[in-house]
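Summary of structural features
Here is how the chains run, residue by residue.
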There are 2 protein chains.
Amino acid sequence: MTAYTATVTVRLKRGVLDPEAETTQRALERLGFELEDLRSADRFEIDLEADDADAAAERAGEMAERLLANPTIHDYEVTVADR
Amino acid sequence: MTAYTATVTVRLKRGVLDPEAETTQRALERLGFELEDLRSADRFEIDLEADDADAAAERAGEMAERLLANPTIHDYEVTVADR
């Protein structure tokens, strides 16, 4: 078993309204910043032990499917690094 | 001016309690997943135009300082990619 950190990034699918990101973007513009777009995402960093990186990524993907992401409105991506 | 996407990752400093992450970890364990630790972070993807990548990173860093992160409890990191 090797120690890995799997990072799961959960973001809204294109087309799903994100009022929090819009509010953040407007607040930045009101502070004088120039930007074209802002998107927000949730990032989960999960420490786990697995036989290899593929097994770690598969388990993190299952966690996303079961709990971390809502497949109706979210896309997610998984990356794995040695710890 | 070149089009960049700056990614600002905002996470709690070590030692700051994160009850949301703890709850998520316990929920995953209740579903039968094995993991050692889970940390959550906010990720902001900001599309902007700047003279070069350094200028884009500097502006995104100011956004983090002024609005996206609370320096008392958060660390942040900025990465920049061409768009």
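None of these values were measured; they are calculated from a predicted model. Every residue gets a number counted from 1 within its own chain, in the order that chain's sequence is written. The order in which chains are written sets their letters, starting at A; the order in which ligands are written sets their numbers, starting at 1. Given that this is a predicted model, residues contribute local features only at a pLDDT of at least 70 and side-chain atom pairs are listed and counted only at 80 or more, while totals for whole chains, interfaces and linings are drawn from all residues. The side-chain values count all of the structure's non-hydrogen atoms but skip hydrogen atoms and water molecules.

Considering the overall build of chain A
For clarity, the cut-off: Helix numbering and strand numbering both begin at the N terminus, where a helix is a DSSP run of H or I of at least 4 residues and a strand a DSSP run of E of at least 2. When we talk radius of gyration, it's over C-alpha atoms, and the globule rule is simply 2.2 Å times the number of residues to the 0.38. Think of it in three bands: residues with accessible area under 20% of the maximum for their type are buried, residues over 50% are exposed, and the middle band is partly exposed, with areas taken using a 1.4 Å probe on protein chains only. To measure how exposed things are, a 1.4 Å probe is used in the Shrake-Rupley method; for residues, cover is taken only from the protein chains shown.
Tallying secondary structure elements over chain A gives 2 helices and 3 strands in all. Here chain A has a C-alpha radius of gyration of 16 Å; the compact-globule value for 83 residues is 12 Å, and the former is much larger. When the backbone C-alpha atoms are referred to their principal axes, chain A occupies close to 50 × 25 × 15 Å. Expressed as a percentage of its 83 residues, the buried residues of chain A come to 42%. When the accessible surface of chain A is split by element, carbon and sulfur atoms take 45% of a total near 4,700 Å².

A look at the relation of the copies chain A and chain B
Basically, it comes down to this: Least-squares superposition aligns the copies on the C-alpha atoms of those residues with pLDDT at or above 70 in both. Note on contacts: a residue pair qualifies if any of its non-hydrogen atoms lie within 4.5 Å across the two residues.
Superposing chain A onto chain B takes a rotation of 180° combined with a translation of 0.0 Å along the rotation axis, leaving an RMSD of 0.0 Å. What the superposition gives is, in effect, a two-fold axis relating one chain to the other. By C-alpha distance to the rotation axis, the residue of chain A lying nearest is Asp 42 of chain A, at 2.6 Å. The residues that chain A uses at the interface reappear at the interface of chain B in 100% of cases, marking a shared surface.

Looking at the sheet that holds strand E2 (residues 37–50) of chain A
For clarity, the cut-off: We treat two strands as partners when DSSP finds at least two bridges between them. Throughout, an axis means a line fitted to C-alpha atoms (over the contacting stretch in the case of helices), and angles, computed between N-to-C directions, take values from 0 to 180 degrees.
Pairing in this open sheet of 6 strands is antiparallel, and the strands run E3(A)-E1(A)-E2(A)-E2(B)-E1(B)-E3(B) from one edge to the other. Of all the strands in the sheet, the pair left with one neighbour each is strand E3 (74–82) of chain A together with strand E3 (74–82) of chain B. Neighbour-to-neighbour, the strand axes of this sheet turn through a mean angle of 25°, independent of strand direction. Note that strand E1 (residues 2–12) of chain A and E2 of chain A share 10 bridges and pair antiparallel. Pairing of Thr 2 of chain A across the sheet is with Ala 50 of chain A, part of E2 of chain A. Contacts from helix H1 (residues 19–30) of chain B reach E2 of chain A together with strand E2 (37–50) of chain B, with the element oriented near 120° to E2 of chain B. Sheet contacts for helix H2 (residues 53–68) of chain B: strand E1 (2–12), E2 and E3 of chain B; angle to E2 of chain B, the most-contacted strand, approximately 125°.

What to know about the packing of helix H1 (residues 19–30) of chain A against H2 of chain B
As a reminder, the rule being used: Oblique is the label for any angle not covered by the other classes, which are roughly parallel (under 35 degrees), roughly antiparallel (over 145) and roughly perpendicular (65 to 115). Note on residue classes: Ala, Val, Leu, Ile, Met, Phe, Trp, Tyr, Cys and Pro are nonpolar, Asp, Glu, Lys and Arg are charged, and everything else, Gly too, is polar.
Running from N to C, H1 of chain A and H2 of chain B cross one another at 105°; their axes reach a closest spacing of 11 Å. If you check the angle between H1 of chain A and H2 of chain B, you find them roughly perpendicular. Packed against H1 of chain A, whose contacting residues are Thr 24, Ala 27 and Leu 28 of chain A, the element H2 of chain B presents Met 63, Leu 67 and Leu 68 of chain B at the interface. Residues belonging to the contact of H1 of chain A with H2 of chain B are distributed by class as follows: 5 nonpolar, 1 polar and no charged.

Some points on the pairing of E2 of chain B
Burial within E2 of chain B is extensive, with 10 of its 14 residues counted as buried. With 11 bridges joining them, E2 of chain A and E2 of chain B adopt antiparallel strand pairing. Along E2 of chain B, the bridge assignment pairs Arg 39 of chain A with Glu 45 of chain B.

Digging into the pairing of E1 of chain B
One ladder, built from 9 bridges, connects E1 of chain B with E3 of chain B; its direction is antiparallel. Following the sheet pairing, Thr 7 of chain B is matched in E3 of chain B by Thr 79 of chain B.

Nothing here speaks to function; it is all geometry.
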